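# Topology and contacts: notes
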Amino acid sequence: MSDSSLLPAAIEAWFAGKGWAPRAHQLAMLEADGAGRDALLASATGSGKTLAGFLPSLADLADGGFDGLHTLYVSPLKALTNDIERNLVGPIGEMGLPISIETRTGDTSFAVKARQRKKPPQILLTTPESLSLLLSHPDSFHLFPSLKRVVIDEVHAFAHNKRGDLLALCLARLARLAPAHRRAALSATIADATPYQEWLSRRSTAGDVALVTGAEMAPPEIHILSPEGRIPWSGHSARYAAAEVMEAIRQHRLTLVFCNTRALAELTLQELWAINTENLPIGIFHGSLSLEVRQRAEAGIAEGRLRALVCTSALDLGVDWGDVDLVIQMGAPKGTARLLQRIGRSNHRADTPSKAFLIPGNRFEYLEARAALDAIEEGVLDAEFWRPGALDVLAQHIMAMACAAPFDADDLFAEVASARPYRELDHAQFHKVLNFVANGGYALSHYDRFQRLRKDADGLWRVSLPRFVAQYRMNAGIIVEAPMLKVRFRNGRTLGQLEEGFGSSLRPGDTFRFSGLDLEVESIRDTDLIVRASRKSALIPSYTGARMALTTSLSDRVRALLRDRAEHARLPKDVKEWLAAQARFSVIPAPDQLLVETFPHHGLHHIVIHGFEGWNAHQSLGMLITQRMEKAKMKPLGFVANDYSLAAYGLMPISDPGFLLDPEVIDDELTQWVEQSYLLKRAFREVAVISGLVERQHPGRRKNGKQVTFSTDLIYDVLQKHEPDHILLRAAWDDASTRLVEVARLKRLLERARETMLHADLPRVSPLSVPALVIIGRERVAGGEAEDALIAELEAMIADTGETTRRNDAQTA
């Protein structure tokens, strides 16, 4: 039973003074800590989960007298760490508790970082990367033995990816330095708690970690917005609803407008300002903007000067702004957990429902939005994909541990294997990674620049030269961003960064839109893009960052909704008519079927595969299918893909598509294609940087993207030729096949093709194929004439279907 008497008098008085009482899950976290147990708290946004995580620390430190580091708070975002500092310092001051709190992130000055290692605060707020760097210092053996607690916030955001691998390795080291410390992990969106409990456990055992659940929150109020009941055939921007978004902003105190990409955020801001006749203050926030610009946006929100903020996933785990009373999602949500996280930014209180509008960009996205809302109403979240710990992350960690102190290989192996992501790691594999860290591996071992570690007569591994320690500290980190150019005015004021691929294509006089401004390029100097404000119409910058994938569970729901005729009554008129026309002119597949349609159009022969497995899997399949069509002399001309379908087109008809989707043959071809494609080289660049093989920066200078690419491509070619089983080539393959190609989803699609493929050979384009064909039209015909003609043709088909349906209904009546 939860007992509020566990709270010190000062904290109990603070709750009473606010007119509050501690919630059951907050007291349950206090009890678990008191019993010496690690705990996972699954509780909705706004339920007081952050306070629940800190409550045992505050109670333990309330009487003063503790000297040293007591609690580490680890967050995936620097901005979130800073926000917690703001929101924690205030209550601690109100309670009158003698507790020191500081932040340590990439933005912390060198002097403060050095002082923190000698004289730490009692509570230190940090990120996985900064914690790893702390552990790489020799004085970590004096800093951490006093540690009593580790609090990990938003654990769902990174436990199952490379940043989670790094943090798990850090936790394994902390278990050695401070064996008695307790761990707490917090999350609002967990589908299955068991793997998270295993990840948090010191023995990878779920039962070792107490599971605490928060009370039910007020259910969110979510509406799909469809202006005048019309949903576009294609596109993802939801720009057609700009007027309705502007009206919603007018009617609310503070609105967050979420976009799935940075380019879409810039475009959305442009659309809103074009119709902002009242000049309402609207800002923008995304990861490529400078720290100064982002802080200015945060300050505008905190001080009540902004009415809306257009933002991206940079605020998914967002700052807790209590005045947000509406969230708008532009385009499809792509996953229920992500959508819930974003919606939770609105009305950040337990007893007030969050309010949100979803604005699908096209008709498939309407089905996706409807499926996501149904999942949320049923309390079903996306399941996360867990994979073994990344070897490039392990290599970086081994180097960090060597920087801290000489180590025995067997001792370090045992420590690493205690971390959940590496529990399947065998001794031989560990030694391969260790040897790579030591000398680069067989093919690179004769180069001095890779001789980072040596094994001395005492059997311990040491860093061979001091410069390798400095090199590690300058280049450590898991996030490998696309090469960037700094965007700044001539006077030195920085706006942020553009991806080098886009920025290097610009010339003096070119214009682009960034940070809500129309800018003209004056010059490019090294890694700086010098700009000035412009009145000319502007291009939109493109970003090559990771594309948000439609989750598997949401994909399954969309296919089920597509087939269920009874559910179609809930859909808008034009979406209903679209599906009715599909049923009349082709077929609507069952959830377990793979529909493949072939038809002639505009003098070409098309095949459209409705896989619903996400853009990455469809894009990869498109590469393989066109390759196979080429071998079969079918004269393919190209393909396009979206989250729902893949369309390929060529000069020859496709009477039997089965051979194009043979999973046995494609399995071999897929491996060959990935090995020969740019995807594997792209993945290798990332693992080479993370593992420390290639440096991003040297003292006094930073490599640009072309230099890093040249270095990694050169090493890649050497390894492929002389050491094809190199540990980094394997790590690159793992990354390319899971994250870039999504081989598992591609194979799932091909298994459906083998077992349940439904081929519809049609005389003309089907309604379900239009969104994919519109992309072809837009790419091949200037001005969108092909798109207009295609849509006009389909609208006539649908009108005919609607008239036939009405006649049949009348006859039945």
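Throughout this description, residue numbers start from 1 for each chain and increase along the sequence as written. Side-chain atom pairs in this predicted model are given and counted only at pLDDT of 80 or more, local residue features only at pLDDT of at least 70, and totals for whole chains, interfaces and linings cover all residues. Heavy atoms from the whole structure form the basis of all side-chain values; hydrogens and water molecules are not counted.

### A look at the overall build of the protein chain
Note the cut-off: Strands here are runs of E lasting at least two residues and helices are runs of H or I lasting at least four, both read from the DSSP assignment and numbered beginning at the N terminus. Note on contacts: a residue pair is in contact if any heavy atoms of the two residues lie within 4.5 Å. Surface accessibility follows the Shrake-Rupley procedure with a 1.4 Å probe radius. Residue values consider only the protein chains on display as shielding.
On a plain count of helices and strands, the protein chain comes out with 29 helices and 27 strands. Summarising the internal contacts of the protein chain: among those between residues at least 6 apart in sequence, 73% fall at separations of at least 24. In the form shown here, the protein chain has an accessible surface area of approximately 32,700 Å², with 52% of it arising from carbon and sulfur atoms.

### Some words on the pattern of salt bridges
Put simply, the rule is: Between Lys or Arg on one side and Asp or Glu on the other, a salt bridge is scored when a side-chain nitrogen of the former is within 4 Å of a carboxyl oxygen of the latter. Residue burial is assigned from relative accessible area. The probe radius is 1.4 Å, only protein chains are included, and a residue is buried under 20% of its type maximum, exposed over 50%, and partly exposed in between.
This model, assessed by the stated rule, comprises 48 salt bridges. Across the pair Glu 424 and Arg 423 runs a salt bridge, and its minimum N-O distance is 3.6 Å. Judged by relative accessible area, Arg 423 falls into the partly exposed class, the value being 33%. Of the charged contacts, one joins Glu 520 and Arg 532 as a salt bridge, the two residues approaching to 3.1 Å between their closest N and O atoms.

### What to know about the packing of helix α2 (residues 24-34) against helix α3 (residues 49-61)
Worth spelling out the cut-off: Helix axes are fitted only over the stretch in contact, all axes being lines through C-alpha atoms; the angle between N-to-C directions runs from 0 to 180 degrees. Between 65 and 115 degrees an angle is taken as roughly perpendicular, under 35 as roughly parallel, over 145 as roughly antiparallel, and anywhere else as oblique. It is the rotation of the near helix from the far one that decides the hand of a crossing: anticlockwise by less than a right angle makes it left-handed, clockwise makes it right-handed.
Relative to each other, α2 and α3 sit at 40 degrees, their axes nearing to 8 Å. One way to sum up the angle between α2 and α3 is to call them oblique. Of the two possible hands of crossing, α2 and α3 adopt the one that is right-handed. Mapping the contact onto sequence places His 25, Gln 26, Met 29, Leu 30 and Asp 33 in α2 and Lys 49, Leu 51, Ala 52, Leu 55, Pro 56 and Ala 59 in α3.

### Here's the deal with the sheet that holds strand β22 (residues 604-610)
In sheet architecture, strand pairing relies on hydrogen bonds along the backbone and comes in two forms, parallel and antiparallel. Stated formally: Paired strands are those between which DSSP finds at least two bridges.
Read across the sheet, five strands follow the order β23-β24-β22-β21-β27 without closing on themselves; strand pairing throughout is mixed. Strands with a single pairing partner mark the edges of an open sheet, and in this sheet they are β23 (636-641) and β27 (757-761). Strand-to-strand twist of the sheet, defined as the mean angle between neighbouring strand axes without regard to direction, takes the value 15 degrees. Pairing of β22 with strand β24 (residues 646-650) involves five bridges; the strand directions are antiparallel.

### Looking at the sheet that holds strand β5 (residues 149-152)
Spatially, β3-β4-β2-β5-β6-β1-β7 is the arrangement adopted by the seven strands of the open sheet, whose pairing is parallel. What marks the edges here is a single partner per strand, and that holds for β3 (101-104) and β7 (209-213). Along the sheet, successive strands turn relative to each other by an average axial angle of 20 degrees, direction set aside. In the sheet, β5 pairs with strand β6 (residues 182-187) via four bridges, with the strands oriented parallel. When the sheet's bridge partners are listed, Val 151 is paired in β6 with Ala 184.

### Quick look at unusual backbone geometry
Positive phi, close to 55 degrees, is recorded for Asn 279, a residue that is not glycine. Along the chain, the position of Asn 279 falls in the loop between α11 (262-274) and β10 (282-285). Among the residues examined, Asn 279 registers a relative accessible area of 56% and is labelled exposed.

### What to know about the packing of aromatic side chains
The test is simple: Under the pairing criterion, centres of Phe, Tyr and Trp rings, with the six-membered ring standing for Trp, must be within 6.5 Å; the plane angle then separates stacked pairs below 30 degrees from edge-to-face pairs above 60, leaving the rest tilted. Over a ring means this: the NZ of a Lys or the CZ of an Arg is within 6 Å of the ring centre and within 35 degrees of the ring normal.
Scanning the entire structure with this criterion turns up eleven aromatic pairs. Residues Tyr 447 and Phe 450 carry aromatic rings whose centres are separated by 6.1 Å and whose planes lie at 85 degrees to one another, so their mutual orientation is edge-to-face. Under the relative-accessibility criterion, Phe 450 is labelled buried at 6%. Through a chain of ring-to-ring contacts, the aromatic side chains of Phe 364, Trp 578, Phe 612 and Tyr 644 assemble into a single cluster. Sitting over the face of the ring of Trp 233, Arg 363 holds its NZ or CZ atom 4.1 Å from the ring centroid. Here Arg 584 stacks its cationic end above the ring of Phe 585, 5.8 Å away from the centre of that ring.

### A short note on the side chain of Ser 766
Using the following cut-off: Two N or O atoms count as a polar contact when they lie within 3.5 Å, although within protein this holds only if one can serve as hydrogen donor and the other as acceptor, and sequence-adjacent residues are included solely when both atoms are side-chain atoms.
Along the polypeptide, Ser 766 turns up in the loop between β27 and α28 (770-780). A polar contact of 3.4 Å, which involves the side chain of Ser 766, links it to the side chain of Gln 582.

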